[in-house]
Amino acid sequence: MTEKVRRDFCIECRKETEYFLQKKDIVKNIKDKEYIFAITVAVCAECGEEMSLPGLIDKNVQEIDEQYRTAEGLVSMDDIERLMKIYKIGKTPLSLALGFGEVTIPRYLEGQMPSKEYSDIIKVTLSSPAQMKQKLMENREKLTDAAFRKAFAAAESLESLFSVSDKMLRVIAYIFEKLEEVTPLMLQKLLYFIQGVYSALYKRPIFAEDCRAWVHGPVYPEVYELFRDFKYNPIDDARFALLEGTVDALTDDEKRVIGLVVNTFGMYGGKVLERITHNEAPWIEARKGYGDSIPSSELLPKERIMKYYILINQKYGIDTEDGLRAYIHDMLGKAS
Ligand SMILES: [Zn+2]
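Residues numbered from 1 in each chain as written. Predicted model: local features only at pLDDT ≥ 70, side-chain atom pairs only at ≥ 80, totals over all residues. Heavy atoms only, no water.

Side note on the sheet that holds strand E7 (residues 298–300)
Move 1: Ordered in space as E6-E5-E7, the three strands form an open sheet in which the pairing is antiparallel. For this open sheet the edge positions go to strand E6 (217–219) and E7, each flanked by a neighbour on one side alone. On average, adjacent strands in this sheet sit at an angle of 45° to one another, irrespective of strand direction.
Move 2: In this structure, strand E5 (residues 211–214) lies alongside E6, joined through three bridges in antiparallel fashion. Bridge pairing in E6 places Trp-214 opposite Gly-217. (Pairing = 2+ DSSP bridges. Helix = DSSP H or I, 4+ residues; strand = E, 2+ residues; numbered from the N terminus. Axes fitted to C-alpha atoms, helices over the stretch in contact; angles between N-to-C directions.)

Re the domain arrangement of the protein
By convention, interface size is frequently given as the accessible area that disappears when the constituent parts associate.
Move 1: Under the domain assignment used here, the protein contains domain 1 (7–72), domain 2 (77–162) and domain 3 (164–333).
Move 2: Using C-alpha coordinates to define each centre, domain 1 is positioned 35 Å away from domain 2.
Move 3: Residue-level contacts link four residues of domain 1 with six residues of domain 2.
Move 4: In total, about 390 Å² of surface goes out of reach between domain 1 and domain 2, with carbon and sulfur atoms giving 52% of it.
Move 5: Counting every contact that joins domain 1 to domain 2 gives zero salt bridges.
Move 6: Our count for the domain 1 to domain 2 interface comes out at zero residue pairs in polar contact (both at pLDDT 80 or more). (Domains from an automatic or database assignment. Contact = heavy atoms within 4.5 Å. Buried area = accessible area lost by both parts, 1.4 Å probe. Salt bridge = Lys/Arg side-chain N within 4 Å of Asp/Glu carboxyl O. Polar contact = N/O pair within 3.5 Å; in protein donor to acceptor, adjacent residues only side chain to side chain.)

Considering the coordination of the zinc ion
Move 1: Of the protein atoms, only Cys-10 (SG), Cys-13 (SG), Cys-44 (SG) and Cys-47 (SG) coordinate the zinc ion, at distances of 2.3 to 2.4 Å.
Move 2: For the zinc ion, the four donor atoms in the first shell make angles of 102 to 114° at the metal, a pattern classed as tetrahedral.
Move 3: Each donor residue of the zinc ion belongs to the same chain, and together they define the spacing C-x2-C-x30-C-x2-C. In this pair, Cys-13 is assigned in the loop between strand E1 (7–10) and strand E2 (15–30) and Cys-44 in strand E3 (residues 33–44), connecting sequence segments 31 residues apart. (Donors = N, O, S within 2.8 Å, 3.2 Å for Na, K, Ca; no water. Tetrahedral: all angles 85-135°; square planar, octahedral: opposite > 155°, others 65-115°.)

Let's talk about the packing of helix H9 (residues 184–202) against helix H12 (residues 270–278)
Move 1: Orientation of H9 relative to H12, taken along the N-to-C sense of each, is 40°, at an axis distance of 8 Å. One finds that H9 runs oblique with respect to H12. In the packing of H9 onto H12, the handedness of the crossing is left-handed. Of the residues in H12, those touching H9 at Leu-185, Met-186, Lys-189, Leu-190, Tyr-192 and Phe-193 are Gly-270, Lys-271, Leu-273, Glu-274, Ile-276 and Thr-277.
Move 2: Classifying every residue of the contact of H9 with H12 by side-chain character gives seven nonpolar, two polar and three charged. (Parallel < 35°, antiparallel > 145°, perpendicular 65-115°, else oblique. Left-handed = near helix turned anticlockwise from the far one by under 90°. Nonpolar A, V, L, I, M, F, W, Y, C, P; charged D, E, K, R; others polar.)

Focus on the environment of Lys-23
Move 1: Secondary-structure assignment places Lys-23 in strand E2.
Move 2: Owing to a relative accessible area of 54%, Lys-23 belongs among the exposed residues under this scheme.
Move 3: Once the C-alpha coordinates of Lys-23 and Ile-39 are considered, the two residues, 16 residues apart in sequence, prove to be 5.4 Å apart.
Move 4: Within the structure, the side chain of Lys-23 is placed 3.0 Å from the side chain of Glu-63, a separation counted as a polar contact. (Buried < 20%, exposed > 50% of the residue type's maximum accessible area, 1.4 Å probe, protein only.)

A short note on helix H6 (residues 129–138)
Move 1: Taken together, the buried positions of H6 are Pro-129, Met-132, Lys-133, Lys-135 and Leu-136. The buried residues of H6 occupy an angular sector of 165° when the element is viewed end-on, so they sit on one face.
Move 2: At its buried positions, H6 is contacted by helix H3 (91–97), helix H5 (116–127) and helix H7 (145–159). (Arc of directions from axis to C-beta.)

Here's what the structure looks like:
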C-alpha cells in the first residue's frame, strides 16, 4: 500500500511543503476541571512547525467532544442513534418517552452535550429493554398510540434475545459481523460446528445451550425461536444493534474458533451444511429409529459432540482451516 503524500502551504516556509499528521496532547479547562485531550495536528516536514489545514479544526472539535464524553461517561451521538434504531422510535417521541423535553434528544443529535443524569437514563435504556418498557409505560400519554405500540413491541422483541445465554448471543453477533448473509438454517449449523470444534480443541463447551436432533439436523431451539420470522431468508436483525461493540466479551480462543468455522463451513449454504451434519455420528445416533422425515427432538449431548469432534481432530487436525476443509470435502463425498 502506498501512503498518500500530503502537501499544503506552510506559512513558515512560504511555499507548499509535505506535511504529516500526528497526535498532540493539549490541556483544557472545562467547568473548572482540567482535561488532557489528544488532538491531531499537521506538522511541516521541512521546518517542523504546525500548519493550519482546512477541516483540521472541525476534526479537533470532534476529537475533544468524544474524549470529553468518554472521560465523563456520557453517551455519544452514535449511542442515541442506536437507541432510536433498536426501539424503532423517532427522536421527538424518544425524548418524550424518556421523560425529557420534546427538543432534548433532537438537540443532543445536533451535538449538544447531554447532562450526566439524562445520559445515564439513555445508557440504561440502551442496555435494558425492560427499562425501556417501563419508561414507555410511564410516559405513554405523551406519545401517539402508533409510536407507543411500535416502540413497545420492539422492546418486547428485544427482551426475547435474553432467552439465550450471553455467550450464545455474542457468538451469534460475531458470526453476523463476519458473514454477510446468514439464514436461520445456516446459523444453526454454524453454531453446532463451532460447539464441536471448540469443545474438541479446548475440552469444554463454548456455550451452555443443548441442541436437538430435528429432521433438518442439529438445532438450538431457543435460537430457532429468536429468528423464526426470517424463515429461509438471510437474517437482518436490528435487535443485534444492542450488542454492537460487545464482541470483545469473547476470548481470543473463542474468536479464533468462530473464525475457523466461518471461513470454512461458512462458505456453504444451509442445505449443504445440513448434509454434513446428517453424515455425522452424533446426529445419526440421535435419530436412530426415526424414519427420514419423522420429526424428533432427541438431545444431542454436548459430551457426545465433543467426543466425535475429538476423533475428527485426531484424523484431520481441525485447528486449521485446511484440516476443516479436508473434513468437509470427505463428508460431502459421502452418500447420505
Ligand atoms: Zn514549513
